[in-house]
Amino acid sequence: MKHSHRAKAIAIALLAAMLAAGCSAKSGDAAGAASASTVQTAATSSASSGTGVTLASVNLDDKVTFDADDTTATWSAEGATTIALDGGAATVTGSGATAQGGAVKITAAGTYVLSGTLDDGQIVVEAGDSDVVRLVLNGVDITNKNGSAIYVKAADKVVVTLADGTENAVTDGTTYADTSEEAPTAAIYSKDDLTINGAGKLTVTGNFNDGVKSNDDLKIASGTIAVKSADDGLIGKDLVAVRDGDLTIDAGGDGIKSTNDKDAEKGFVAIANGTFKIVSANDGIQAETALLVADGTFDIVTGGGAAASTIVHTENGPGGMGGFGGGRGDWQGADGQMPQPPADGQMPADGQQPPEPPTGGQGPSSSGVTADVSGNDADETSATSTATEETESTSAKGLKAGGDIAIAGGTFAVDAADDAIHSNANIGILGGTFSLQSGDDGIHGDTTLTISDGTIDIAKSYEGIESASITIAGGETHVKSSDDGANASADTGEALLTISGGYLYVDAGGDGLDSNGSVVMTGGTAIVNGPTNAGNGALDYDGTFEQSGGTLIAAGAAGMAQAPSEDSKQVSLLMTFPSTLDAGTMVTLTDSAGNAVATFAPAKTFQTLVYSSPDLQSGESYTISTGGTSGGTPKDGLYTGGGTAGTTKVVTFELGDKTTYVNESGITTGGGEMGGMGGGRGGFGGGRGMGRPGADGTTGTNSTGATGSTSGSANGAST
């Protein structure tokens, strides 16, 4: 912008997730735009690790302003210059404009009312640097077969007003006569600020490259706008700001994007409201720095959608960190299947070596980050145009930012071949309704990802939600993933998954809740339907899982199963059943008075079940039963209210004061974060486990591989 705005600012107040421990949004470049000097601290929650996550208010008064010129859509023919278009000619009535054949040139500030059809011509604005030019499209159809239909060479700002009740169209050629470095590249092209407002309709066809492009600010205040472009739909180099409007975009490149990567205060996209229907070959909405959304309705399909994704992932296998199956690795069997433990559940005899991993298997992956050979990861490469200094996208993400993403509300339906929502820095979701499908991650933030409110349904993903630090503080989130459901992953080992409130449901083909650092749970509800293969766990963490509140239910396979850490303030239990149970099998936990404490029917086959809630009491006798029916109301397999009937008792036991490990014979003395099915990180199956009992149900193993005794009863009587 070349001058200060002259009217009251319209602010968009949003929240962005920032690390209080000094991590920058995008060190050394422009990604901190969302956390400008106007940031005000709203709340802080600290985890036991000492790393705090701050929710900060980002006020955009100084960043996005719709002034009177931007928002005023009323106009009068009195005092205006009229331009009548007629085939290959134009007639100008008034001052400030001239016409020669189909070429119209506007050289002064003022209001210009255009009507009619121009078969092959161009509207050029070449005014002074301080001039504001208003183009009223009052029923026009402008075509230029050899260049841009509307070309702003110079002005302070051009405002395109769509007259109420009119339909307008602009179309450029498939080739341009001017191919110089500074030549325009869009059907509507502006070298200066450009605003579109009004209650009419505008159809833009960008046959050559882009639909609408501004080399400064692009603002949409109102209007019904349809864009079909060979490459990008709407571009504002310094910013794209939408106050309201109905936008339909069909783009061969990105749908909406900003491109300035030289100035931290620019290169962002801010949306206050509006309706957006975007179909794009690449990213739906892309911000070079920050992407900020207050409200709106979004229907976005990128790259043909999740079903058309060509991203290839290296599946996480159970190898790495020591021996066969000893942790998290990236190799798989020669047939592409996960290695399985011995059929009898026993460990190799003392002195024997575990089986070797398959020939050609890959080495361990200490970070647990799945390889993505698509080239569309967080540090994706890009081609740079020397003419425009734009970063060209090669990905097909739904919502994407090089810096922060903050979403305060709105309704989002995103079907993306790549990540549905992706930030190279931080993501804060503070409200809204999300229906997401992704060929890669559902929601990915490189640094932090905070969900404090909203309703999120990730119906398809490779990994559901992923970041170095994930905080679930509120809202209701459902995740379905072919690999990890919630993955806190950082190369430094300082990854952290925090659940302090809200509701989280995970259906994972890989690990359910996964952190290559630690997990902290202080509140909320987390329900996990974990893996059915022994190479992953419903819970998987490298550090500790400290639970002091909330309700946790996690069902999955037994091979890598873990429970909350022994030093958790809230007690928990991990039940290992003698064999795999069918999906939908009801498991009921009752207290000594016969009251149902919890009734849960996992959505997938399972052999272990973790349960922790404030209702559990140390020293109380509990019974675990299976089968039967419940008179309660189910939500995601968890029943509330009502009683159970026709169940079969598996075991009765007394709950300890920490984490209690149980099998059908009673309590086992196994446990520990790194146990697995026998012996730490180095032995067979020595990944993260709870030291579950052997197949006979009478002995267990602890984290060092030592056996432990069991106690309790299992008479198999019906209850």
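Criteria and thresholds
- Residues numbered from 1 in each chain as written.
- Predicted model: local features only at pLDDT ≥ 70, side-chain atom pairs only at ≥ 80, totals over all residues.
- Heavy atoms only, no water.
- Core = buried A, V, L, I, M, F, W, Y, C linked by side-chain atoms within 4.5 Å.
- Buried < 20%, exposed > 50% of the residue type's maximum accessible area, 1.4 Å probe, protein only.
- Contact = heavy atoms within 4.5 Å.
- Helix = DSSP H or I, 4+ residues; strand = E, 2+ residues; numbered from the N terminus.
- Phe/Tyr/Trp six-rings, centres within 6.5 Å; stacked < 30°, edge-to-face > 60°.
- Pairing = 2+ DSSP bridges.
- Salt bridge = Lys/Arg side-chain N within 4 Å of Asp/Glu carboxyl O.

**Looking at the nonpolar core**
Ile285, Ile443 and Leu513 are the most contacted members of the largest nonpolar core, which has 101 residues in total. Beyond its immediate chain neighbours, meaning those up to four positions away, Ile443 contacts Ile421, Ile427, Ile429, Leu436, Leu449, Ile456, Ile458, Gly464, Ile465 and Glu466.

**Describing the side chain of Lys257**
Inspection of the secondary structure assignment puts Lys257 in strand β23 (residues 256-258). A relative accessible area of 0% means that Lys257 is categorised as buried.

**Regarding unusual backbone geometry**
Phi at Asp636 is positive, roughly 55°, even though this residue is not glycine. Structurally, the position occupied by Asp636 is in the loop between β52 (633-635) and β53 (638-640). The class of Asp636 is partly exposed, set by a relative accessible area of 25%.

**Re the packing of aromatic side chains**
Inspection of every chain in the model, using the stated rule, returns eight aromatic pairs. Geometrically, the ring pair formed by Tyr176 and Phe208 is stacked, given 4.1 Å between the ring centres and 20° between the ring planes. Of this pair, Tyr176 sits in the loop between β13 (167-171) and β14 (186-190) while Phe208 is found in the loop between β16 (201-206) and β17 (210-214), placing the two residues 32 residues apart along the sequence. Seen in terms of ring centroids, Phe412 and Phe434 are 4.6 Å apart; in terms of plane orientation they differ by 5°. Their pairing is stacked.

**Structural notes on the pairing of strand β15 (residues 193-198)**
Most of β15 is tucked away: six of the six residues are buried. As paired strands, strand β12 (residues 157-162) and β15 are joined by six bridges and run parallel to one another. The residue of β15 that forms the bridge with Leu162 is Gly198. Of the strand pairs in this sheet, β15 and strand β18 (residues 217-220) are connected by three bridges, and their pairing is parallel. Bridge pairing in β18 places Leu194 opposite Leu218.

**Considerations on the pattern of salt bridges**
Across all of its chains, the model carries 13 salt bridges by this definition. Note that Lys219 and Asp70 form a salt bridge whose closest N and O atoms lie 3.4 Å from each other. Here Asp70 lies in helix α1 (residues 68-71) and Lys219 lies in strand β18, a separation of 149 residues in the sequence. The exposure class assigned to Lys219 is buried, which follows from its relative accessible area of 3%. With relative accessibility at 0%, the residue Asp70 sits in the buried group. Between Lys105 and Glu126 there is a salt bridge, with the nearest N and O atoms lying 3.4 Å from each other. Of this pair, Lys105 sits in strand β7 (residues 103-106) while Glu126 sits in strand β9 (residues 122-126); the two residues are 21 residues apart in sequence, bridging distant segments of the chain. Here Lys105 falls in the partly exposed class, since its relative accessible area comes to 36%. Sharing partners across several salt bridges, the network here consists of Asp67, Asp70, Lys157 and Lys219.

Worth remembering: the numbers are spatial, not functional.
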